[in-house]
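Fold and geometry: a report
Residues per chain, in single letters:
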Amino acid sequence: MRILLLGECSNLHSTLADGLRILGHDVTVASDGSKWMGNDRDIDISRSGYDFLPSIKYLASLHKTFRTFRNFDIVQIKNPLFLDLKISRNLSFFHYLKKHNAKVFLGAFGTDYFWEKSCFDKKTFKYSDYYIGNIPTNFGTTNILQNDWSGTKKQEANIEMADSCDGIIACLYEYYKSYEPYYKNKLAYIPLPINTSLLDYKQKGNDGEKPKFFIGIQKDRSEYKGTDILYKVLLKIHEKYPDELFINMVESIPLSQYVKIMSESDVLLDQIYSYTPGMNGLIAMAQGLVLVGGGEPEMYELINEHENFPIINVYPSEEDIFDKLEDLIINKNDIPNLSSNSHDFVQKHHDYVKVAQQYLYFWNSK
């Protein structure tokens, strides 16, 4: 099949394309490479600026490029804002794709109307980026009033795309639950793809040395991911057990350098508001790191995993995070088993060729 993957989200489409090509398909990835991450793509659709002249050039370039986006068997967009344009223009390009290609699928790979709606109803999730129960998170306190999806043209466009697309794929439990009440018959959850052949696995915790706890902080997303809280608690743990652990903390460094330092650690502290491990956590697990982050029972149930639960799941409170980290320090002999189980988990559920096969099955079923 001829397949077009349009837009990028943390290397999902690039990795998926590699799996699809192994299975014999002709795949084109068109994206901006997730901006600073620089993910691989076949066609670059980056925007150079937002002033008048760069905007005109970007729009003209897209119109020229889209003339080649015809006669694909499958087109998949990452979410309703798959181009770096206003939602009305995204909708126009979506209509073009629908008109000139066999099937068009909508990715639920990030922030959109349905996910924000679920976060704000305070019922779908026991916690989210915005609320813990009925209490706003640090991120939510400064962003609740900035919900620009509900009651806007973004909401209308998101609903129109979801209504008219051939199917919707969610890459996280949270995104799946957000769409499920409205589109269950055209919705699938498919795990994030990981190419483990590019990652060196090493079982952690066998050298008898103090475990290294790794945390990476992006200045502009610290509250959004909860790494501000994780780092605060990690420092408290280190204060209580100064001779029992090392802290590897990096801040806003290039991805290649980030992955290298992470691979030399034993434990990764990642997101605290997620039910599901993200790409960063899965890459760490594939290399044998123990993940402290999102691993709720609902996620395991969704993927039919009933035996291997390697993620140290934390509730987004300082007390729970402290207790889980302290337990890991006290029981550091568990790290080797958690390490190997983490690698096995990614191999079983996230292998990029297996994931590509799941996409093909779903696309062909619609």
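Just so it is clear, the structure is predicted and the values come from calculations on it, not from any experiment.

**Concerning helix α3 (residues 87–100)**
Three- or four-residue spacings in an α-helix give side chains the same orientation, since the helix completes a turn every 3.6 residues. If you check α3, its first and last C-alpha atoms are 20 Å apart, about what 14 residues at 1.5 Å a residue would give, namely 20 Å. Taken together, the buried positions of α3 are occupied by I87, N90, L91, F93, F94, L97 and H100.

**Points about the side chain of E8**
As for its placement among the helices and strands, E8 is situated in the loop between β1 (2–6) and α1 (12–22). Nearest to the buried, unbridged E8 among oppositely charged side chains is K78, at 8.0 Å. If we ignore the near neighbours within four places in the chain, the residues touching E8 are H13, S14, S31, G33, S34, N39, D40 and K78.

**Things to note about the packing of helix α11 (residues 279–286) against helix α14 (residues 335–350)**
Running from N to C, α11 and α14 cross one another at 120 degrees; their axes reach a closest spacing of 7 Å. Between α11 and α14, the crossing angle belongs to the class labelled oblique. Seen from α11, the contacting residues are L282, M285 and A286; seen from α14, they are S342, H343, F345, V346 and H350. Classifying every residue of the contact of α11 with α14 gives five nonpolar, three polar and no charged.

**Some thoughts on the sheet that holds strand β11 (residues 246–251)**
Strand order across the open sheet formed by five strands is β11-β10-β12-β13-β14, with parallel pairing between neighbours. Bordering the open sheet on either side are β11 and β14 (312–313), each of which pairs with just one other strand. With six bridges connecting them, strand β10 (residues 212–217) and β11 associate as parallel partners. For I215, the partnering residue across the bridge sits in β11 and is M249. Set on the sheet, helix α9 (residues 227–240) makes contact with β10, β11 and β12 (267–269); between it and β10 the angle comes to about 150 degrees.

**Quick notes on a positive patch on the surface**
Together, K64, R67, R70 and K99 make up a positively charged patch on the protein surface. Topologically, R67 is positioned in the loop between α2 (52–66) and β4 (74–77). Assessed through its relative accessible area of 55%, R67 is described here as exposed.

**Considering the environment of L4**
Along the chain, L4 falls in strand β1. You can call L4 buried: its relative accessible area is 0%. Ignoring any residue separated from it by four or fewer positions in sequence, one finds L4 in contact with T28, A30, F69, F72, I74, V75, Q76 and L97.

**Focus on helix α7 (residues 173–183)**
With eight of 11 residues buried, α7 lies mostly within the body of the structure. Buried within α7 we find Y173, E174, Y175, Y176, S178, Y179, E180 and Y183. The secondary structure elements touched by the buried residues of α7 are β5 (103–108), α4 (113–121), α6 (153–164), β8 (167–170), β9 (187–189) and α12 (297–302).

Parameters at a glance
- Residues numbered from 1 in each chain as written.
- Predicted model: local features only at pLDDT ≥ 70, side-chain atom pairs only at ≥ 80, totals over all residues.
- Heavy atoms only, no water.
- Helix = DSSP H or I, 4+ residues; strand = E, 2+ residues; numbered from the N terminus.
- Expected span 1.5 Å × (residues − 1).
- Buried < 20%, exposed > 50% of the residue type's maximum accessible area, 1.4 Å probe, protein only.
- Lys, Arg positive; Asp, Glu negative; His and termini not counted.
- Salt bridge = Lys/Arg side-chain N within 4 Å of Asp/Glu carboxyl O.
- Contact = heavy atoms within 4.5 Å.
- Axes fitted to C-alpha atoms, helices over the stretch in contact; angles between N-to-C directions.
- Parallel < 35°, antiparallel > 145°, perpendicular 65-115°, else oblique.
- Nonpolar A, V, L, I, M, F, W, Y, C, P; charged D, E, K, R; others polar.
- Pairing = 2+ DSSP bridges.
- Patch = residues over 30% accessible without salt bridge, like charges linked within 9 Å, V, L, I, M, F, W, Y side chains within 5 Å.
- Areas by Shrake-Rupley, 256 points an atom, 1.4 Å probe, with all protein chains shown as cover.
- Charge placed at Lys NZ, Arg CZ, Asp CG, Glu CD.

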